[in-house]
Every structure is written in C-alpha cells, then in structure tokens.
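# Summary of structural features
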Amino acid sequence: MCGIIGYSGERSACSVCLTALANLEYRGYDSAGVALWEGDTVQVIKAQGRLSCLRERLGQGHGASRCGIGHTRWATHGSPTDINSHPHRQGRVTLVHNGIIENYLELRAELETLGYRFVSETDSEIAAALIDSCYVRSGSPLEAIGAAMERLEGSYAFAILFDGEPGVVYGVRKGSPLIAAVDDTGCFLASDLPAVLGYTREHYLLGEGEVVRGEGTQVCFWDRELRPLSKKRITAEWSMEEAQKGGYDYFMLKEIHEQPRALRDTVLPRLRDGLPDFTADGLPEGFFRNIRKLNIAACGTALYCGMVGKALIERLARIPVEVDMASELRYRNPILGENEAAVIISQSGETADSLAALRLFKERGIPVIAIVNVVGSSIAREADYCLYTYAGPEIAVASTKAYSVQVAMMYLLAILAAGDKGVEEAARRSETADLLRVISLTPRVLEMYDQIGRYAATLRDAHSLFYIGRGLDYSLAMEGALKLKEISYIHCEAYAAGELKHGTISLITEGTPVIALATQADLLPKTLSNIREVKARGARVLLVTMEGLPVDDTACDEKIVLPAVDGRFAPLLLVIALQIIALNAAIVRGCDVDKPRNLAKSVTVE
Ligand code: F6R
C-alpha cells in the first residue's frame, strides 16, 4: 500500500527515487511523485498514473539534486489525481506517506483554525500540516515529529523534508514498514528492501515509533521517546537479481518457476534425521504437546493456505484447528481458552488485519507462531516464534511461490505436531519422505506449462467461471479462483462440489466454463458425479486430476493429468497448474499480469 523512498548523498536523488519507485511500484501504482532539494528550495513534481507518467513529466531535468523523497501510491483517501498524489507540502514540511491517518478529519478541522488550507482530499496532507504546525512551535524537526506522533492515530511511515535542513531526510514509522539503508555514497529510507537492493544490502529495520535522520552517509536513530538509539546494521540475504525479472516476461511467470527452489530452500533446513525440526527457528521442542486447539488467521491467499493447514493438522495431529479471515477475527471477540496457540500466515508480514489478529491473540495470552516471508517485517517481529519461508522476494502482486512455501510449512508443522501428540515415528518419517517426493515432482508440472496455457487461452472471452472440488481440492479451488479473478478479471467462484446443487447450479448454462479439481481418491466418485451434474447442464469442463485415478473421459471436455502423488500432497502440484491457468488467461486477455488493477502487494491498511 504505497511505496516510499528517501535519499541523501552523492548520487542524483531524482534518479535514485525513480529507480527505487520502479522497484516499489508493486505496492501501488495509481500515481507517483518526488520532492527534490534544488538550490534552497524543495521542488515537488508528481503525476497521476504509472511511474512512466512521472518520468515523462520530469523529462531530462532535476538530475543535480542530491536529496529527495518519492512515492508510488495506492489510493486510500481521494481519487488517484495529480493533486492527491504525494509528496504533499504544507508550510515548511514536505512528506510522503504510507498508511492511513484515522483522525485526519478532526486534525483537519483543528489545523484550519490555525490557518492551514488544504488542496487535496488526502489524510497525508493533514499530517504534513500537523508536523509543520509542530515545527513552527519547536523549530526542531525531531521535536516536531515527536509532537506530531502524539496526535496522529492510525498507521504511517513518512519520509520528510524540512525547509531549514537542506540535504537532510527524516523518517518515522508506526504500523507501516520503513527501513534505512546505507552505501558509500549516502543513505536511503524505503518501504522495503527491493527498493534499494540495486545500491546496497546494508540496512537497518525501524521499530514502532522510531525516528531516523539521514544526511549523506550519516544516519541517526531515536526511539519513540526521542532518546538516541543505536541500531544493528543488517546485511540482506536477498540479492538484486532475485528482485528482477531475470529474462522472464513477467515477475509472476518467474516466481511460478522458482517454486521448486523455494520449496527446497524452505523445507530442507527444517529437516533433521528425516523429520521436521524447528529448534533452529526457536520453536521449543514439544510445543504442540499440550495444545488443545490451534487458531490460524490470515488474509487472501495466505488464508487459503491456512485452510489446507487445517486439513493437514487435523488429519495427522488430531488437533482441532479454527481458520479465520484476519479481518473478521479481530472484530468477532473469538472464544479462546487455555492451551491454545495461534498461527499467523503472511508473505509480506505487514498485512494490517493479520497484524491486528496477532496482537489480539497476544493480548489474550495465546502464543503466536508467524509464518512470514519478509525478514524483519512487523508480524515477524511481534510474533512469539517466527518461522521464515525462504521464497525470496515476491514482486508480482499475485502470490504464487509464497503460497507454496506456506503450504510446505503446514505439512512440516502437521508432522511436527503429530510427533508431539504421539503419532508413531515411522508414519511421520513416511509423511516427510512423501513431502520431499512431491517437491521433486513440481518441475514436472512446470513442464506442462504449454498444455495448461492452451486451455487458459480458451478463457479469453469468458465472463464467468466456476472452480469446484471437495476436501483439499475445495481449498485449492478457492486459491485458483482468487488468482484467476485477481489478474484476469474473469468473474469466478469456487464451490465445494457437493454444495453446488443447493443453489449455484442454476448459474450453469450452455458453455459455462467449469474447472473441476479431482485429486482426492477417496472423494473421487462423489466429485465425478458432481461434475456430471454440471456437464449435464451444458458446462464446458476442464478436469484437473492425477495419474492413476480412475476418471472416465466422458466426465469432461478437457483434462490435465498431474503426476501421481498421495492426495494429501496434491496441493503442491495442483496449485502450480492453477497459477499457470490464471497467468495465461490474464495474458490472452491483455491484462497487466504483475500489476492488476485496484490492487497492491502489501495491504497495510484495514
Ligand atoms: C493474492 C494475494 C493476496 C495476499 C493477501 C495477504 O494473490 O497475494 O490475497 O495473499 O493480501 O498478504 P500477506 O500474505 O502479505 O499477508
């Protein structure tokens, strides 16, 4: 949700901002803008639309500035116009903002009585005026930030330029991510690492309420009480190559192909003597022994991973699992008891609702395990135990490899928990070996890319589509449907195959595309009869099944047959096929695959 950048140093600030914003565009792409110190003044240049519109507006000029801030926007308050674009300037303060100021209307009324006038509809412009009003009083940028923090409610990461301190960039965060990075030319503030990986891997993570001041290679930090802070510098493990397309046409395509590697990187370090072991991650041995119930909370794709996790953990470890949309959980006053634990799943580690769910669990004394991809993110830091997935940077807005590694974590946790609950070692070993085997089969699904892509091409003019399945196939149907809607804009619904006849089947007419998932041997006869029901009403059925399962070709119009594995492990193969369908449907429909409309990668607002 919006990407921010700040730079002070020897390089051209304009070029640093544009490079960083290009790498942050996945966080939002409604508009972009920069503010640059030029001589004694700050120049603000911004444009509605993609970064290319800003580049055009900037032309060849502005190369001399050595300090500036930049922003790429996912609109929350106010439509995506030039005026609502960031940076915003009020008095002697210019800033870029990621987050939402919840009490902005109240602040606006108060600031208007002080003579401030606002041109945009944004909450961010109010924040600029608030900081300016504090700056007028104290004359100190640091104190102004501290005083403004007392008044601001909601979430924010700001990069700020103060008239009176040319060449200096300030930053502060609460609830939205911000890092500071340094190279031998100067310093950077950024929403996340991919923004600066082209310059440096050396960075600092800012905690809640922390403030940073950067001037050239000098960076100083303060805590929320404005006491000086010494912070540990971290070297990022992610490289620039990982954050680039590397010869693929789309990030999503690259990330789909990275899945075998990501799965190995995530699973292999967690195996000891053929069994899952999380002691190196800090999870105490026997963690699940006394756990009576697990609560999983997440959003979107991560939520659908949670549903797969529920099936796996309940089946193998016999621990009841409740799965919640984080956005609903936080307002439903869940019933939580003793000997329960929570699992929060999040690629970005910054999703506002998932973070709020984590905080709710902690307030209620429930220990929280986080499964997170972005190192040092808020969820990773606030959880009691963080189990990192090693997918590497995921840039495409639609999640692919991050989902697969989250699902792999669910298998590992299910096997681990089963051990704590007394399931025999031989059974756990065999599950672990099966997990490794299915990972080794993932490249075979990638080899089916063209065949799957040909089916997807038939969806070019589709208006509406149904995904159906039972059991684990139903959880995967939801993920497949989300991916398709998200990037191809085809209306799509996922249905438990047995539920269709309770209403939805009335939507099936001649030629309606239905993708039926049938990888669960024990449910196959039931699923096949549900498929026949839709086929009898004219549906055009693609059946996605597995080698060795007895399906008769008259049940479908087309078939994709995945390598044979036990149905428990089918999700890791199935999801790749579904991702390829969504990607190719989006390509033939001319959609912007990596940056679908209205979306952003990291959802740091409610
Ligand atoms: C869909 C997608 C989203 C995210 C969701 C949660 O492809 O990417 O549904 O899964 O916004 O994001 P994280 O995992 O960062 O918490």
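This text follows the structure it describes.
In this report, we go over the structure that sits alongside the text. (Residues numbered from 1 in each chain as written. Predicted model: local features only at pLDDT ≥ 70, side-chain atom pairs only at ≥ 80, totals over all residues. Heavy atoms only, no water.)

## Here we look at the overall build of the protein chain
- When helices and strands are tallied, the protein chain shows 17 helices and 27 strands.
- Against the globule reference of 25 Å for 606 residues, the protein chain gives a C-alpha radius of gyration of 25 Å, in line with a compact fold.
- Dimensions along the principal axes, computed over C-alpha positions, put the protein chain at roughly 75 × 55 × 45 Å.
- Out of the 606 residues belonging to the protein chain, those deemed buried represent 62%.
- Contacts in the protein chain between residues at least 24 apart in sequence constitute 72% of all its contacts with a sequence separation of at least 6.
- Carbon and sulfur atoms provide 49% of the accessible area of the protein chain, an area that totals close to 22200 Å². (Helix = DSSP H or I, 4+ residues; strand = E, 2+ residues; numbered from the N terminus. Rg over C-alpha atoms; globule rule 2.2 N^0.38 Å. Buried < 20%, exposed > 50% of the residue type's maximum accessible area, 1.4 Å probe, protein only. Contact = heavy atoms within 4.5 Å. Areas by Shrake-Rupley, 256 points an atom, 1.4 Å probe, with all protein chains shown as cover.)

## Some thoughts on the site of the ligand
- By nearness alone, 15 residues border the ligand, and Ser346, Gln347, Ser348, Thr351 and Glu486 come closest of all.
- At 3.2 Å from an oxygen atom of the ligand is found a main-chain nitrogen or oxygen belonging to Thr301.
- In this structure, an oxygen atom belonging to the ligand sits 2.7 Å away from a main-chain N or O atom of Gln347.
- Within the complex, the protein chains bury 90% of what would otherwise be the 400 Å² of accessible surface of the ligand.
- A per-class count over the shell around the ligand returns 6 nonpolar, 7 polar and 2 charged. (Near = heavy atom within 4 Å. Polar contact = N/O pair within 3.5 Å; in protein donor to acceptor, adjacent residues only side chain to side chain. Nonpolar A, V, L, I, M, F, W, Y, C, P; charged D, E, K, R; others polar.)

## Focus: the sheet that holds strand E27 (residues 558–562)
- The strand order E24-E23-E25-E26-E27 describes an open sheet built from 5 strands, whose pairing is parallel. The sheet is open, and its two borders are formed by strand E24 (491–496) and E27, each paired with just one other strand. Averaged over all adjacent pairs, the angle separating strand axes in this sheet is 15°, with direction ignored.
- Across the face of the sheet, helix H16 (residues 524–535) comes into contact with strand E23 (464–469), strand E25 (513–518) and strand E26 (540–546) while running at roughly 170° to E25. (Pairing = 2+ DSSP bridges. Axes fitted to C-alpha atoms, helices over the stretch in contact; angles between N-to-C directions.)

## Brief notes about the nonpolar core
- Formed by 154 residues in total, the largest nonpolar core has its most connected members in Leu54, Phe288, Tyr467, Leu562 and Ile581.
- If we skip the residues at most four places from it in the chain, Leu562 touches Val445, Met448, Val544, Thr545, Met546, Glu547, Leu573, Leu574 and Ala577. (Core = buried A, V, L, I, M, F, W, Y, C linked by side-chain atoms within 4.5 Å.)

## Some remarks on helix H4 (residues 123–138)
- The terminal C-alpha atoms of H4 lie 23 Å apart, and with 16 residues this matches the ideal 22 Å at 1.5 Å per residue to within 8%.
- A large share of H4 lies buried, amounting to 13 of its 16 residues.
- Two or three places before Glu125, at the opening of H4, Thr122 has a side-chain oxygen 3.1 Å from that residue's backbone nitrogen.
- Immediately beyond the C-terminal end of H4, within one or two residues, lies Gly139, with a positive phi of roughly 70°. (Expected span 1.5 Å × (residues − 1).)

## What about the sheet that holds strand E20 (residues 340–346)?
- A sheet is described by the order of its strands in space; here 5 strands give the open sequence E19-E18-E20-E21-E22, paired in parallel fashion. Bordering the open sheet on either side are strand E19 (321–325) and strand E22 (385–388), each of which pairs with just one other strand. Pairwise comparison of adjacent strand axes, ignoring direction, gives a mean angle of 20° for this sheet.
- Of the pairings in the sheet, the one linking strand E18 (residues 293–298) to E19 comprises 5 bridges and is parallel in character. Paired with Ile296 across the strands is Val323, a residue of E19.
- Contacting E18, E20 and strand E21 (368–372), helix H10 (residues 352–363) runs over the sheet at an angle of about 165° to E20.

## Observations concerning the packing of aromatic side chains
- With the rule as written, the count across this model stands at 9 aromatic pairs.
- Between Phe287 and Phe288, the aromatic rings sit 5.1 Å apart at their centres with planes inclined by 85°, giving edge-to-face as the arrangement.
- We classify Phe287 as buried; its relative accessible area is 13%.
- Aromatic ring contacts, followed pair by pair, group Tyr7, Phe188 and Tyr199 into a single cluster.
- Of note, Lys231 hangs over the ring of Phe221, and the distance from its end group to the ring centre comes to 6.0 Å.
- It is Arg597 that lies over the ring of Tyr489; its NZ or CZ is 3.8 Å from the centre. (Phe/Tyr/Trp six-rings, centres within 6.5 Å; stacked < 30°, edge-to-face > 60°. Lys NZ or Arg CZ within 6 Å of the ring centre and 35° of its normal.)

## Brief notes about unusual backbone geometry
- Following His86, the chain continues into Pro87 via a peptide bond in cis, with omega recorded as 0°.
- A positive phi angle is found at Asn333, which is not glycine, with a value near 45°.
- With respect to the element layout, Asn333 can be found in the loop between helix H9 (326–329) and E20.
- Look at Asn333 and you get exposed, because its relative accessible area is 58%.
- Phi angles above zero are rare outside glycine, and Asn339 is one such case at about 60°.
- Tracing the backbone through its elements, the reader meets Asn339 in the loop between H9 and E20.
- Given the relative accessible area of 40%, Asn339 is considered partly exposed.

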